[in-house]
Amino acid sequence: LFFSASVSAESEERSEVEQQLFCLAEAIYFESRGETFVGMVGVGQVIFQRMESSSYPNDICSVVHQGEYHPNGVPVRNKCEFSYWCDGKLEKVDNSFALNESYSAAELVLSGGKVEGLEKALHYHASYVRPPWSRKLKRLKIIGLHIFYSKERIKEND
């Protein structure tokens, strides 16, 4: 009985770790599957750093799924922190190579891997869009089609 209780506790813990890995890999896939591996790690790093920040939820799945929701639990379209989660499109995985790369990037981030220069990054966006918030934050680095920012605000006089 003791052994099965231990195994049960371990499998519950493992399933939570696996769930967090899944959420991170999913976000990396849908946010950056066309990027280099370094760019994918950068996206994952931002998500992980948000989880570590007191300004965001304290687990990866909650960070990735953060946004406004209807009373029925469905996310409000275009009112999420990560656009893929509530853009109204079906999340369909159709690139197994990119999915494997997403899992590899997620595992690297979860084991402490970081992209140099993104240690303070809490925001990013694709270079082909210009969200209003991007003009107010400090730009850190461009990797592929993603621009990364810290939470530091730009002074009005700069």
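The notes below deal with the structure included here. (Residues numbered from 1 in each chain as written. Predicted model: local features only at pLDDT ≥ 70, side-chain atom pairs only at ≥ 80, totals over all residues. Heavy atoms only, no water.)

## Here's the deal with the environment of Ala-106
Thinking step 1. As for its position among the elements, Ala-106 is in helix α4 (residues 96–110).
Thinking step 2. Residue classification places Ala-106 among the buried residues on the basis of a relative accessible area of 0%.
Thinking step 3. With 78 residues separating them along the chain, Ala-106 and Ile-28 place their C-alpha atoms 7.5 Å apart.
Thinking step 4. Dropping the residues within four chain positions of it, Ala-106 is found in contact with Leu-21, Leu-24, Ala-25 and Ile-28. (Helix = DSSP H or I, 4+ residues; strand = E, 2+ residues; numbered from the N terminus. Buried < 20%, exposed > 50% of the residue type's maximum accessible area, 1.4 Å probe, protein only. Contact = heavy atoms within 4.5 Å.)

## What to know about the pattern of salt bridges
Thinking step 1. Counted by the stated rule, this structure contains 1 salt bridge.
Thinking step 2. Of the charged contacts, one joins Glu-81 and Arg-50 as a salt bridge, the two residues approaching to 2.8 Å between their closest N and O atoms. A residue pair is termed long-range when its members are at least 10 positions apart, and Glu-81 in the loop between β2 (75–80) and α4 and Arg-50 in helix α2 (residues 37–52) qualify at 31 residues.
Thinking step 3. What makes Glu-81 partly exposed here is its relative accessible area of 38%. (Salt bridge = Lys/Arg side-chain N within 4 Å of Asp/Glu carboxyl O.)

## As for the state of the cysteines
Thinking step 1. Evaluated as defined, the whole model comprises 2 disulfides.
Thinking step 2. Disulfide pairing places Cys-23 opposite Cys-61 at an S-S distance of 2.0 Å. In this structure, the disulfide formed by Cys-23 and Cys-61 twists by about 100° around the S-S bond and is classed as right-handed. Placement of Cys-23 in helix α1 (residues 2–32) and of Cys-61 in helix α3 (residues 60–64) is noted, with a sequence separation of 38 residues between them.
Thinking step 3. By relative accessible area, which is 11% here, Cys-61 ends up buried.
Thinking step 4. Two residues share a disulfide in this structure: Cys-80 and Cys-86, whose sulfurs sit 2.5 Å from each other. Per residue, the accessibility class of Cys-80 equals that of Cys-86, and both read buried.
Thinking step 5. Listing the disulfide partners of the protein by sequence rank of the bonded cysteines yields 1-2, 3-4. (Disulfide = S-S within 2.5 Å.)

## A short note on unusual backbone geometry
Thinking step 1. With a phi close to 60°, Asn-78 is a non-glycine residue in the positive phi region.
Thinking step 2. Take Asn-78: it is sitting in strand β2.
Thinking step 3. A relative accessible area of 54% means that Asn-78 is categorised as exposed.

## Describing the layout of surface pockets
Thinking step 1. Roughly 1,100 Å³ of internal volume is contained in the largest pocket.
Thinking step 2. Around the largest pocket, the lining is made up of 34 residues, and of these Glu-31, Phe-82, Ser-83, Tyr-84 and Ala-126 lie nearest the centre.
Thinking step 3. Of all the secondary structure elements, the ones that give two or more residues to the lining of the largest pocket are α1, α2, β2, β3 (121–126) and β5 (146–153).
Thinking step 4. The residue inventory of the lining of the largest pocket, partitioned by class, reads 16 nonpolar, 7 polar and 11 charged. (1 Å grid on protein atoms, 1.4 Å probe; cavity = no way out; pocket = protein on both sides within 12 Å on 5 of 7 lines; lining within 4 Å. Points joined across faces, edges and corners; volume = space filled by probe spheres on them. Nonpolar A, V, L, I, M, F, W, Y, C, P; charged D, E, K, R; others polar.)

## What to know about a positive patch on the surface
Thinking step 1. Together, Arg-130, Arg-135, Lys-136, Arg-139 and Arg-153 make up a positively charged patch on the protein surface.
Thinking step 2. Counting through the fold element by element, Arg-139 comes out in strand β4 (residues 137–143).
Thinking step 3. On the accessibility criterion, Arg-139 (44% relative accessible area) is partly exposed. (Patch = residues over 30% accessible without salt bridge, like charges linked within 9 Å, V, L, I, M, F, W, Y side chains within 5 Å. Areas by Shrake-Rupley, 256 points an atom, 1.4 Å probe, with all protein chains shown as cover. Lys, Arg positive; Asp, Glu negative; His and termini not counted. Charge placed at Lys NZ, Arg CZ, Asp CG, Glu CD.)

Everything listed here is a matter of coordinates, which is why it stays silent on function.
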